[in-house]
Amino acid sequence: MTEEQQDHTPDGQAPGGGASDDRTTDVQAPGDQGRRAERAGRTKRRASARVRRNRKIAAAGLAVVVLLGGGFIYWAVTAASNGDASVPTIASTSTPATPTLTPTPTATPTPEPTATAEPTPTETQPPASALNTTDPNSITVLVNKQTPLVPADYAPADLVAMSEIGVPSANGHSLRSEAATAVQTMFAAASAEAGLTLDMTSGYRDYGLQTELYTGYVADLGQEAADLTSARPGYSEHQTGLAADISSQGEGCVLEQCFSTTAGGQWLAANAHRFGFILRFPDGATATTGYEFEPWHYRYVGTETSAAMQAAGTTTYEEFLGAPAAPGY
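Now for a quick tour of the structure. Being a predicted model, the structure only gives us computed values, none of them experimental.

## Structural notes on the overall build of the protein chain
Consideration 1: Within the protein chain, the secondary structure is distributed over nine helices and nine strands.
Consideration 2: Looking at the protein chain residue by residue over its 329 residues, the buried ones come to 32%.
Consideration 3: Expressed as a percentage of contacts within the protein chain between residues at least 6 apart in sequence, the contacts between residues at least 24 apart total 62%.
Consideration 4: Carbon together with sulfur atoms contributes 54% to the accessible area of the protein chain, which is approximately 19300 Å² in total.

Encoded structure:
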């Protein structure tokens, strides 16, 4: 029987489980008094020991050591024993394992996307719809049988005579400054590239001169035929100072449709766009332009517009601009 079991044995009961002699009779024999006193003293000592043990248990410390990172918990429990005996310590018999530190994975930096270099913007011809086609001073102004000049007697302020810049001109005509310079450059190229001597046969015609010419055509050909070959006053591209009737010296066919078969006519048809000119009244386009085929009539619109029109493959200025056809007044 352990001490604890002994401590819990009821007073008056023998260790074997039977009732003690103290509980069997009320009459006690002489000498029993001494035993009683001894038993009472032993009982008192047991009670004191029990109290001391309980106090020690209450005062016992519970130590908890938590090792961070390893997750190991070390418990130490100290219990008191009977009497003055040393208090046994219940502890882990295994040596705490040294925690293995798992290295925190280094985040792989996400590479920032490389910005795609933007192409350097280049000057491009604005859409045809953005061209100024109504101001008579604009090099892209549209003039046809449905779109007259405003005002009708418009006269450009920057005319340059061909004789002043060394350009051959049988009738001594003029063009606006920009168009005159372009003609000068184009004629020089025709000479250098093809050995041609081109002539600026007709250029700017004011409202009064156009009235005289048109009246003469009506008198000779009648109104309907005249309208196919000559513009009415205020409706002529020649009045803008941007139109040039060109011929080739020594080849004939001056202001005639056969000019398209000459070396000069063919060179112009293939190269005029390089210098900002377009063939204004091409063959087979009368229903759009309102005029018969005139292989000699070139209109200056600037190199950007002429190049864009060439690239688009459009044959008439009306088509390129998206303007309505102008077969009649």
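## A few points about the environment of alanine 272
Consideration 1: Tracing the backbone through its elements, the reader meets alanine 272 in the loop between helix H6 (263-271) and strand E8 (277-279).
Consideration 2: Judged by relative accessible area, alanine 272 falls into the buried class, the value being 1%.
Consideration 3: The spatial distance from the C-alpha of alanine 272 to the C-alpha of methionine 186 is 7.3 Å, given a sequence separation of 86 residues.
Consideration 4: Discounting chain neighbours no more than four positions away, the residues touching alanine 272 are Met186, Trp267, Phe277 and Tyr298.

## Digging into the environment of methionine 162
Consideration 1: Summarising the element assignment, methionine 162 is placed in the loop between strand E4 (159-161) and strand E5 (174-176).
Consideration 2: As for methionine 162 and glycine 203, which are separated by 41 residues in sequence, their C-alpha atoms are 9.3 Å apart.

## Looking at the state of the cysteines
Consideration 1: Counted according to the given criterion, the structure contains one disulfide.
Consideration 2: Paired through a disulfide, cysteine 253 and cysteine 258 show a sulfur-sulfur distance of 2.0 Å. Measuring handedness by torsion sign, the sulfur bridge of cysteine 253 and cysteine 258 sits at about -120° and is left-handed.
Consideration 3: Residue cysteine 258 is classed as partly exposed on the basis of its relative accessible area, which comes to 28%.

## Some remarks on the pattern of salt bridges
Consideration 1: Overall, the coordinates contain six salt bridges when judged by the stated rule.
Consideration 2: Notably, a salt bridge pairs aspartate 158 with arginine 176, separated by 3.1 Å at the nearest N-O pair. Here aspartate 158, found in the loop between strand E3 (89-91) and E4, pairs with arginine 176, found in strand E5; they are 18 residues apart in sequence, far enough to count as distant.
Consideration 3: Using a relative accessible area of 10% as the deciding quantity, one classes arginine 176 as buried.
Consideration 4: Arginine 232 serves as the salt-bridge partner of aspartate 227, at 2.9 Å between the closest nitrogen and oxygen.
Consideration 5: Assessed through its relative accessible area of 10%, aspartate 227 is described here as buried.
Consideration 6: One continuous salt-bridge network, built from bridges that share partners, spans Glu237, Arg280, Arg299 and Glu318.

## Some words on the packing of helix H3 (residues 177-194) against H6
Consideration 1: One can describe the packing of H3 onto H6 by two numbers: an axis separation of 11 Å at closest approach and a directional angle of 115°. With respect to the hand of their crossing, H3 and H6 are arranged in right-handed fashion. Contacts between H3 and H6 involve Met186, Ala189, Ala190, Glu193 and Ala194 from the first element and Trp267, Leu268 and Asn271 from the second.
Consideration 2: A per-class count over the contact of H3 with H6 returns six nonpolar, one polar and one charged.

## Describing the nonpolar core
Consideration 1: Membership of the largest hydrophobic core comes to 31 residues, with the highest contact counts inside it found for Met186 and Phe277.
Consideration 2: Mapped by element, the contributors of at least two residues to this core are H3, strand E6 (198-202), strand E7 (243-248), H6 and strand E9 (297-300).
Consideration 3: For this core, the leading source of residues is H3, giving eight residues.
Consideration 4: Setting aside anything within four residues of it in sequence, one finds methionine 186 in contact with Ile246, Trp267, Leu268, Ala272, Phe275 and Phe277.
Consideration 5: Counting residues in each nonpolar core, the second largest holds nine residues, with Ile278, Val301, Met309 and Phe320 among its members.

## Describing H6
Consideration 1: Taken together, the buried positions of H6 are Gly264, Gly265, Trp267, Leu268 and Asn271. All buried residues of H6 lie within an arc of 165° about the axis, which places them on one face of the element.
Consideration 2: Residues of H6 that are buried sit in contact with H3, E6, E7 and E9.

## Focus on the sheet that holds E7
Consideration 1: The strand order E6-E7-E9-E8 describes an open sheet built from four strands, whose pairing is antiparallel. The strands lining the two open edges of the sheet, one partner per strand, are E6 and E8. Each adjacent strand pair in this sheet contributes to an overall mean axis angle of 40°, direction not counted.

## What about unusual backbone geometry?
Consideration 1: Residue proline 151 is reached from valine 150 by a cis peptide bond, and omega for that bond is 5°.
Consideration 2: Here cysteine 253, not a glycine, exhibits a phi torsion of approximately 55°, which is positive.
Consideration 3: As for its placement among the helices and strands, cysteine 253 is situated in the loop between E7 and H6.
Consideration 4: In this model, leucine 255 sits at a positive phi of 55°, which is unusual for a non-glycine residue.
Consideration 5: Mapped onto the elements of the fold, leucine 255 is located in the loop between E7 and H6.

The rules we used
All residue numbers refer to position in the chain's written sequence, counted from 1. The predicted nature of this model means local features are confined to residues of pLDDT at least 70 and side-chain atom pairs, given and counted, to a pLDDT of 80 or more, with totals for whole chains, interfaces and linings taken over all residues. The side-chain quantities take in all heavy atoms of the structure and omit both hydrogens and water. A run of H or I in DSSP becomes a helix once it reaches four residues, and a run of E becomes a strand once it reaches two; helices and strands are each numbered from the N terminus. Relative accessibility thresholds used throughout: buried, under 20% of the residue-type maximum; exposed, over 50%; partly exposed, between the two (1.4 Å probe, protein chains only). Any two residues whose heavy atoms approach within 4.5 Å at even a single point are treated as in contact. Areas reported here follow the Shrake-Rupley algorithm with a probe of radius 1.4 Å; residue values treat only the protein chains shown as occluding. Note on terminology: disulfide denotes any pair of cysteine sulfur atoms within 2.5 Å. Salt bridges are defined by distance alone: a side-chain nitrogen of Lys or Arg within 4 Å of a carboxyl oxygen of Asp or Glu. Axis definition: a line fitted to C-alpha atoms, over the contacting stretch in the case of helices. Angles run 0 to 180 degrees between N-to-C directions. Each crossing gets its hand from how the near helix is turned against the far one by less than a right angle, where anticlockwise is left-handed and clockwise is right-handed. Ten residue types, Ala, Val, Leu, Ile, Met, Phe, Trp, Tyr, Cys and Pro, are classed as nonpolar, four, Asp, Glu, Lys and Arg, as charged, and the remainder, Gly among them, as polar. In plain words, nonpolar cores are sets of buried Ala, Val, Leu, Ile, Met, Phe, Trp, Tyr and Cys residues tied together by side-chain atoms within 4.5 Å. Along the arc lie the directions from the helix axis toward the C-beta atoms. Whether two strands pair depends on DSSP finding at least two bridges between them.

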